[in-house]
Amino acid sequence: MSFPFPRGQNVTEEKMGEDFAKLHVCTRIQVSHAKPLESCDPVVVPIYQTTAYRFKTAAQWSEPNHGSNYCYQRCGNPTTENVEVIINEIEQGQGTLLYSSGLAAGTAVFLEFLDPKSHMICMIPIYSSTFTFFVDTLVRWGAEITFIDVDAEGDNLVQAVEKAMKPNTKLVFCEIFGNPTVSIPDVLGTIEVAHKHNAIYLIDTTFASPYIVQPIKFGADLVLHSCSKYLGGHTDIIGGCVTCRDEANWKRLKSQQLTTGSSMSPFDASLLARGIKTLAIRLDRISDNAVIVAQHLEKHPKVKWVKYPGLESHPGHKYANQMMSKFSGMMAFDVGTSEKATKLVENLRIIVHSISLGGTESKIEHPLSMSHGKQLITKGWLGTIPEGMLRFSIGIENPNDIIADLDQALEKI
Ligand SMILES: Cc1ncc(COP(=O)(O)O)c(C=O)c1O
């Protein structure tokens, strides 16, 4: 076996022959480049960190997929498309698109499938910045939104959605477990209503991850994730994705993305691909930990209530059960007052006091002080977020250590 230096592989040198040597060194630096490695088949798709791609002929531009080439990073990139293929496989869709953030993914859908005279039904609670986008931007732009409170409607949610339907209702939107109260809508029931009225059903499944639930199997049209949470899984990237049940919708979003420029960078896509490799084992461990911790908190004298989708005591457990057999790691619990809630988070030693969720480390926050705070309430937030409620994202630590940390902090309030 020999390993010769790849002499003669400088494409420009090959093209120019003897004339190449006459070039000034400044020029040789710019034009020298190795041949693309046609016989190279790496185990992991590398980071294609290039803004643009070389074309052999002008006609190549008009061939399908530019003659099996790419053109410009914003329009498509092998590293990013690799992850789109993987997520599409998990979700069993007809096409996935990656975005620079979960919010970029969400806003792409709202802007594409709504127009100034259309109406959307949005089940709340939802992520605070999604709500802010609705009331600050979508409404100003002319769309009408009806908010329906999942917690307040309970088992009457399907009837409430049916009643709110209008001839111009184009979208029905919910989160699988509403942020931050972890409320659970009747997804199957509301999908049926949406489809009866020819509306598109969009579900944000960030809190569950695509390992726990694949809503396209149950009829959802579009599935949204913040990849910054469970999909990435390591608290080191910001990203989002949308998976489509129909290829036609994927094409609409792809065309839109070419001009709105919201695609994910190849570097982030590479970290995302690495994170997804362990999605299943992380979510198995997280779900197991969450059951143990939720059951412990439910019995704790200083905890008023716990809402974890895997507990039978959760009013929406039956709806979660229709779609999944594990319940991920998001829970909410109430310690009575804002003062007690903030004291608790400030006394934790292992669990991280932080916004965001879905990482390998356990994270906790008091939504009324942070993610769903005063700023949101002044914008007309209609849902109820109890003042002593904490939002808790369970990690992969040993569950006994998580419990011990919670217990010592609960002791202090
Ligand atoms: C349920 C949900 N959807 C969407 C988003 C937005 O995602 P990103 O922060 O990646 O923009 C978040 C962020 O916390 C979220 O919790």
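Note that the structure is a prediction, hence the values are computed from the model and not measured.

A. Spotlight on the overall build of the protein chain. Scanning the protein chain for helices and strands turns up 16 helices and 12 strands. Here the C-alpha coordinates of the protein chain stretch approximately 85 × 55 × 35 Å along the principal axes. Residues classed as buried in the protein chain amount to 51% of the 413 residues present. Sequence separation of 24 or more characterises 71% of the internal contacts of the protein chain that already satisfy a separation of 6 or more. Only carbon and sulfur atoms are counted for the fraction: they give 53% of the accessible area of the protein chain, which is about 19,500 Å². Counting 38 positive and 44 negative side-chain charges, the protein chain places the averaged centre of each group 4 Å from the other.

B. Highlighting the pairing of strand β4 (residues 169-175). The element β4 is extensively covered by neighbouring structure, given that 6 of its 7 residues are classed as buried. Sheet topology note: the strand β2 (residues 119-124)/β4 ladder contains 4 bridges and is parallel. The residue bridging Met-120 from the neighbouring strand is Leu-171, located in β4. Handedness of the crossover is the feature at issue here: the chain leaves β4, passes through helix α9 (residues 187-196), returns alongside strand β5 (residues 200-204), and the resulting connection is right-handed.

C. Inspection of helix α11 (residues 266-276) at higher detail. All of the buried residues along α11 are Pro-266, Ala-269, Leu-272, Ala-273, Gly-275 and Ile-276. Contacts from the buried residues of α11 go to α4 (78-91), β1 (95-99) and α12 (279-299).

D. Structural context of the site of the ligand. Taken together, 13 residues lie around the ligand, and Gly-102, Leu-103, Asp-204, Ser-226 and Ser-228 are the ones closest in. Contact distances for the ligand include 2.9 Å between an oxygen atom and a backbone N or O atom of Leu-103. One of the side-chain N or O atoms of Ser-228 is found 2.5 Å from an oxygen atom in the ligand. For the ligand, the accessible surface in isolation is 390 Å², of which the surrounding protein chains cover 92%.

E. Representation of the domain arrangement of the protein chain. Per the domain assignment, the segments of the protein chain are domain 1 (11-68), domain 2 (73-276) and domain 3 (279-411). The gap between the C-alpha centroids of domain 1 and domain 2 is 38 Å. Contact residues are listed per partner, giving 8 residues for domain 1 and 9 residues for domain 2. Across the interface of domain 1 and domain 2, roughly 690 Å² is buried in total on both sides, 55% from carbon and sulfur atoms. The tally of links from domain 1 across to domain 2 stands at 0 salt bridges. Taken together, the connections running from domain 1 to domain 2 amount to 4 residue pairs in polar contact (both at pLDDT 80 or more).

F. Spotlight on the pairing of strand β3 (residues 144-149). In terms of strand pairing, β2 meets β3 through 6 bridges, oriented parallel. Bridge assignment links Ile-124 to a residue of β3, and that residue is Asp-149. Taken together, β2, helix α6 (residues 128-141) and β3 form a β-α-β motif whose crossover is right-handed.

G. Region of the structure containing helix α8 (residues 157-164). When α8 is considered as a whole, its buried residues turn out to be Leu-157, Ala-160, Val-161 and Ala-164. Seen end-on, α8 carries its buried residues on one side only, within an arc spanning 100°. Where α8 is buried, its residues touch β2, β3, α7 (150-153), β4 and α9.

H. Up close: the packing of α12 against helix α16 (residues 399-411). Look at α12 against α16: their axes get within 9 Å of each other, and the N-to-C directions meet at 30°. When the axis of α12 is compared with that of α16, the two are roughly parallel. Both α12 and α16 take part in a crossing whose hand is right-handed. Contacts from Asn-289, Ile-292, Val-293, His-296 and Leu-297 of α12 reach α16 at Pro-399, Ile-402, Ile-403, Leu-406, Asp-407 and Leu-410. Residue composition of the contact of α12 with α16, by class: 8 nonpolar, 2 polar and 1 charged.

I. Representation of the sheet that holds β2 in the model. Strands sit in the order β1-β7-β6-β5-β4-β2-β3 across an open sheet of 7 strands; the sheet is mixed. At either margin of the open sheet sits one strand with a lone partner, and together these are β1 and β3. Ignoring strand direction, the axes of neighbouring strands in this sheet form an average angle of 20°. Sheet analysis places β5 next to strand β6 (residues 222-226), joined by 3 bridges and oriented parallel. Counted as the bridge partner of Asp-204 is Leu-224 from β6. Sheet strands touched by helix α10 (residues 247-260): β1, β6 and β7 (240-244). Its angle to β1, the strand with the most contacts, is close to 25°.

J. Quick peek at the sheet that holds strand β11 (residues 363-365). Across the sheet, 5 strands lie side by side as β8-β9-β12-β11-β10; this open sheet has mixed pairing. Either end of the sheet is taken by a strand with one partner, and the two such strands are β8 (305-307) and β10 (352-353). As paired elements, β10 and β11 share 2 bridges and run parallel to each other. Looking across to β11, one finds that Val-352 is bridged to Lys-363. Against the sheet, α12 makes contact with β8, β9 (330-334) and β12 (389-393), and its axis sits at roughly 10° relative to β9, the strand it touches most.

Thresholds, definitions, all that
- Position numbers for residues count from 1 along each chain, tracking the sequence in the order it is written.
- Under the rules for a predicted model, residues below a pLDDT of 70 receive no local features and side-chain atom pairs below 80 are neither given nor counted, while totals for whole chains, interfaces and linings still include all residues.
- Calculated side-chain values reflect all of the structure's heavy atoms, with hydrogen atoms and water omitted.
- In this description a helix means any DSSP run of H or I spanning at least four residues, a strand means any run of E spanning at least two, and both kinds are numbered starting from the N terminus.
- Per-residue accessibility, obtained with a 1.4 Å probe over protein chains only, is compared with the maximum for each type, and a residue is labelled buried under 20%, exposed over 50%, and partly exposed between these values.
- Only heavy atoms matter for contacts: two residues are in contact if any of them lie within 4.5 Å across the pair.
- Only the protein chains shown count as cover for residues, and all accessible areas are computed by the Shrake-Rupley method using a 1.4 Å probe.
- Note that His is not counted, nor are the chain ends; the positive residues are Lys and Arg, and the negative ones are Asp and Glu.
- Charge positions come from single atoms, namely NZ of Lys, CZ of Arg, CG of Asp or CD of Glu.
- Note on pairing: two strands pair once DSSP finds at least 2 bridges between them.
- For a crossover, the right-handed case is the one in which the path from the first strand over the helix to the second runs clockwise, viewed with the strands pointing away from the viewer.
- Near residues are defined by distance, with any heavy atom within 4 Å of the molecule or strand qualifying the residue.
- Two N or O atoms count as a polar contact when they lie within 3.5 Å, although within protein this holds only if one can serve as hydrogen donor and the other as acceptor, and sequence-adjacent residues are included solely when both atoms are side-chain atoms.
- What fixes the domain bounds is an automatic or database domain assignment.
- Buried surface area refers to the total accessible area, computed with a probe of radius 1.4 Å, that the two partners give up upon joining, counted for both partners together.
- A pairing counts as a salt bridge when a side-chain nitrogen of Lys or Arg comes within 4 Å of a carboxyl oxygen of Asp or Glu.
- Taking the helix axis as origin, the arc is that swept by the directions to the C-beta atoms.
- For helices, the fitted axis covers only the stretch in contact; all axes are lines through C-alpha atoms, and the angles between them, taken along N-to-C directions, range from 0 to 180 degrees.
- In these notes the angle categories are as follows: under 35 degrees is roughly parallel, over 145 is roughly antiparallel, 65 to 115 is roughly perpendicular, and the rest is oblique.
- Each crossing gets its handedness from the near helix: less than a right angle anticlockwise from the far helix is left-handed, clockwise is right-handed.
- Three residue categories are used. Nonpolar comprises Ala, Val, Leu, Ile, Met, Phe, Trp, Tyr, Cys and Pro, charged comprises Asp, Glu, Lys and Arg, and polar comprises the others, including Gly.

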